[in-house]
Amino acid sequence: MTEPTPVGDRSAEFDHAIAMEHVDESTCWALLRDVDVGRLAIPVDDEGVPGVQIFPVNHVVDLGSIVFRTALGTKLSQITDREDRPMVAFEADNADAGSGRTEGELVAWSVVVHGHAELITTSTDVFDSFDIHVHPWHASRKPFFVRLVPHRVSGRRFVVTRR
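Residues numbered from 1 in each chain as written. Predicted model: local features only at pLDDT ≥ 70, side-chain atom pairs only at ≥ 80, totals over all residues. Heavy atoms only, no water.

(A) Highlighting the overall build of the protein chain. On a plain count of helices and strands, the protein chain comes out with three helices and seven strands. Along its sequence from the N terminus, the protein chain presents helices and strands in the succession β-α-β-β-β-α-β-β-α-β. Considering only intrachain contacts with a sequence separation of at least 6, the fraction spanning at least 24 residues in the protein chain is 70%. Total accessible area on the protein chain is roughly 10,700 Å²; 52% of this is exposed by carbon and sulfur atoms. (Helix = DSSP H or I, 4+ residues; strand = E, 2+ residues; numbered from the N terminus. Contact = heavy atoms within 4.5 Å. Areas by Shrake-Rupley, 256 points an atom, 1.4 Å probe, with all protein chains shown as cover.)

This is the structure in structure tokens:
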């Protein structure tokens, strides 16, 4: 197998010694609890043309899953109106100064959760959702709670290099 070639004339900047750390699932969930916003990627069918749309969503971690609120629209219809229960992905990331090995070192991370999203509809779950404090940034009414039930959780962490 051949080594990847950096784009453009940046081969001198390509450093194989800079490692990316895979993060265990427990740490992934802890990292997700520390941020308010992530991105939800859902498959869409735009007049017969398959694609993916990505939406920023405020979220909380609840019972080993991701919960977010939404209104009527693409997110809700693509999750609830399809018979095939499509797989979705949720990604969140952050960069944290001071969490590295040296003072001021910037450590970045990214966590991806793959799974199925389902509308919270059972009476018990609806009542329990009242205690979930997820606060959308946008002021519009978002009366529907959606739970992303994970099938796979993965994460990576690395030191940010500035050149």
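(B) Here's a closer look at the pairing of strand β4 (residues 65-70). Most of β4 sits inside the fold, with five of its six residues counted as buried. One ladder, built from four bridges, connects strand β3 (residues 49-62) with β4; its direction is antiparallel. Across the sheet, residue Asp62 finds its bridge partner in β4, namely Ser65. As consecutive antiparallel partners, β3 and β4 are separated by two residues, and within that stretch Leu63 has a phi angle of approximately 55°, a positive value. Two strands pair when backbone bridges link them, and β4 and strand β7 (residues 144-159) are joined in this way by five bridges, in the antiparallel orientation. What sits directly across from Phe68, in β7, is Val146. (Buried < 20%, exposed > 50% of the residue type's maximum accessible area, 1.4 Å probe, protein only. Pairing = 2+ DSSP bridges.)

(C) Spatial organisation of the nonpolar core. Membership of the largest hydrophobic core comes to 26 residues, with the highest contact counts inside it found for Leu32, Leu40, Ile66, Phe90, Val111, Val113 and Leu148. Within the residue set of this core, elements represented by two or more residues are α1 (25-33), β2 (37-46), β3, β4, α2 (74-80), β5 (87-97), β6 (106-119) and β7. Beyond its immediate stretch of four places on either side in the chain, Ile66 contacts Trp29, Leu32, His59, Val60, Val61, Phe90, Val146, Arg147 and Leu148. (Core = buried A, V, L, I, M, F, W, Y, C linked by side-chain atoms within 4.5 Å.)

(D) Examining unusual backbone geometry more closely. One non-glycine residue with positive phi stands out, namely Leu63, at about 55°. Relative to the helices and strands, Leu63 resides in the loop between β3 and β4. For Leu63, a relative accessible area of 76% gives the class exposed.

(E) Broad picture of the pairing of β2. One ladder, built from ten bridges, connects β2 with β3; its direction is antiparallel. Each bridged residue has a counterpart across the sheet, and for Ile42 the counterpart in β3 is Gln53.

(F) Here's a closer look at the pattern of salt bridges. The full count for this structure, using the stated rule, is four salt bridges. Here Glu21 ties to Arg157 by a salt bridge, and the two come within 3.3 Å at their closest N and O atoms. Taken together, the residues Glu21 in strand β1 (residues 21-23) and Arg157 in strand β7 connect sequence positions 136 residues apart. Close ionic contact of Glu91 with Arg39 constitutes a salt bridge, the shortest N to O distance being 2.7 Å. In this pair, Glu91 sits in strand β5 while Arg39 sits in strand β2, placing the two residues 52 residues apart along the sequence. A relative accessible area of 17% places Glu91 in the buried class. Residues joined by salt bridges that share partners form a network here, namely Arg39, Glu91 and Asp93. (Salt bridge = Lys/Arg side-chain N within 4 Å of Asp/Glu carboxyl O.)

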